[in-house]
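The chain contents come next:
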Amino acid sequence: AAGGMQRIREVLDEVPQIVDAPGAGTLPRLSRALRFENIRFRYVPEQRGLEHVNLELPASSRVAFVGASGSGKSTLMNLIMRFYDPQEGRVLFDGVDIRTVTQDSLRGQMAVVFQDNFLFNTTIRENLRAARPGATDAEIEAAAKRAEIHDVIAGFPDGYDTPCGERGSRLSGGQRQRIAIARAFVRDPAVLLLDEATSALDPGTEAALNATLERLSEGRTVISVTHRLASAVKADRIVVFDGGRIIEVGTHNELVNKEGVYAQLWHKQSGLSVNARGDHAEVDIPWLKSLPFFRQVDDAVIARIRRMFATERSPQDRTIIYEGDPGDKFYIIVRGRVIAEKKTPKGPEDRAVLLDDGDYFGEVALLRATPRTASVRTVTPCVFLTLSNEQFHEVLSEIPGLEQAMLQGYLGDALEADRKSV
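Now for a look at the structure at hand. (Residues numbered from 1 in each chain as written. Predicted model: local features only at pLDDT ≥ 70, side-chain atom pairs only at ≥ 80, totals over all residues. Heavy atoms only, no water.)

**Looking at the packing of helix H5 (residues 137-146) against helix H7 (residues 173-186)**
Interaxial distance between H5 and H7 falls to 8 Å at its minimum, and their mutual angle equals 130°. Between H5 and H7, the interaxial angle falls into the category oblique. Here the hand of the crossing between H5 and H7 comes out right-handed. Within the contact between the two elements, H5 uses Ile140, Ala143, Ala144 and Arg146 and H7 uses Ala182, Phe185 and Val186. Within the contact of H5 with H7, the residues separate by chemical class into six nonpolar, no polar and one charged. (Axes fitted to C-alpha atoms, helices over the stretch in contact; angles between N-to-C directions. Helix = DSSP H or I, 4+ residues; strand = E, 2+ residues; numbered from the N terminus. Parallel < 35°, antiparallel > 145°, perpendicular 65-115°, else oblique. Left-handed = near helix turned anticlockwise from the far one by under 90°. Contact = heavy atoms within 4.5 Å. Nonpolar A, V, L, I, M, F, W, Y, C, P; charged D, E, K, R; others polar.)

Put into structure tokens, the structure is as follows:
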């Protein structure tokens, strides 16, 4: 008990870095636009961060932030909530610098739903009321109905007095997210922030939750961070980040027609599909033909190889490949996110790379039984399409010239990457 109290005291004694300015005013509810003026921000000086970000988001619009991991999407969201202040530039609500108003009045008009939402080990009712302690039971139930979780809660023996368990362990992933959404709407927010809010769910649950969020978004400013572009298609504005800068802004159709970074990301993900249960995935022939090592392979052969892929599922935080193990399989990530980590002889991480929907790894294993050069661990639940080198070598042995064609494509792509890096 003494040790626990000491840790609690350390938290309570922590001095916040972000404080209200002397004489800070009250921020009215957002009605016109959220604007970023020449934002520059770095968490630490030596790391790359946001650089010269200028952006205006009209009130009551739906906006999606997309881009590679580490490109600055979530960082900009952190600045909206004023978890940090930019080193340069301003964040403006209807022309008012958020550093000149109280944090309570800023965050009081916001609600946020994360990928992994924290539910306390108390009742559903109290978890919902945490968003606004003065909320009545009727307001809590109204929010649950809007999030389409009321009937499920009412079906529990204890209804809204059902304990959630530690971190919501007594509920399914979809139920936890719907309760988190209901909790957000207990606040009646002007600005709704979604940070990968549905990406860890199975396809059917994700689609249902996205439909719910779309209905609930009317009349609110909704900003979502997502790596799954299918969730961004209906956004009024898509903002593409790369290396801490905004490089493209537009609707889905505008950006696909532009054939820029967003179009590349879209084509990477759009040739893959998975059923609602998440137990059967497929890849189309044009997607496979876009891979460097299949680029020179005949379509009929590609069609045969396509039928060999198997669907594999893996839970969160599972190591699926260990560095040094024999390479025996090629992986395509249909849904989910993994981290590839390479260790130095002394043990610490030498390099870590995040991969998600549409990325692939282990292609060398199709041609050579070489040891794995990195360990791969799932960050979210994942659905993979896999091709074993044993099956693939049956095709290689039957089709003269296939191995050489693959090597030419693979080596040509590697040489082009080296040339660009130089």
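Past the structure itself, the notes keep going.
**Looking at unusual backbone geometry**
In this structure, Asn38 takes a positive phi of about 45° despite not being glycine. Relative to the helices and strands, Asn38 resides in strand S1 (residues 33-41). With a phi close to 55°, Arg167 is a non-glycine residue in the positive phi region. Counting through the fold element by element, Arg167 comes out in the loop between helix H6 (150-155) and H7. A relative accessible area of 42% means that Arg167 is categorised as partly exposed. (Buried < 20%, exposed > 50% of the residue type's maximum accessible area, 1.4 Å probe, protein only.)

**Thoughts on the pattern of salt bridges**
All chains considered together, the criterion is met by 33 salt bridges. Its salt-bridge partner being Arg277, residue Asp279 comes within 3.1 Å of it at the nearest N-O pair. We classify Asp279 as partly exposed; its relative accessible area is 36%. Note that Lys289 and Asp299 form a salt bridge whose closest N and O atoms lie 3.5 Å from each other. In this pair, Lys289 sits in helix H11 (residues 285-289) while Asp299 sits in helix H12 (residues 299-306), placing the two residues 10 residues apart along the sequence. (Salt bridge = Lys/Arg side-chain N within 4 Å of Asp/Glu carboxyl O.)

**Describing the sheet that holds strand S4 (residues 88-93)**
Read from one edge of the open sheet, four strands run S2-S1-S4-S5, paired in antiparallel fashion. Two strands in the sheet have a free side with no partner beyond their single neighbour: strand S2 (50-58) and strand S5 (96-97). Note: S1 against S2, six bridges, orientation antiparallel. Note that in S2 the partner of Ile39 across the bridge is Val53. Sitting on the sheet, helix H2 (residues 73-80) is in contact with S1, S2 and S4, with an inclination near 115° to S1. (Pairing = 2+ DSSP bridges.)

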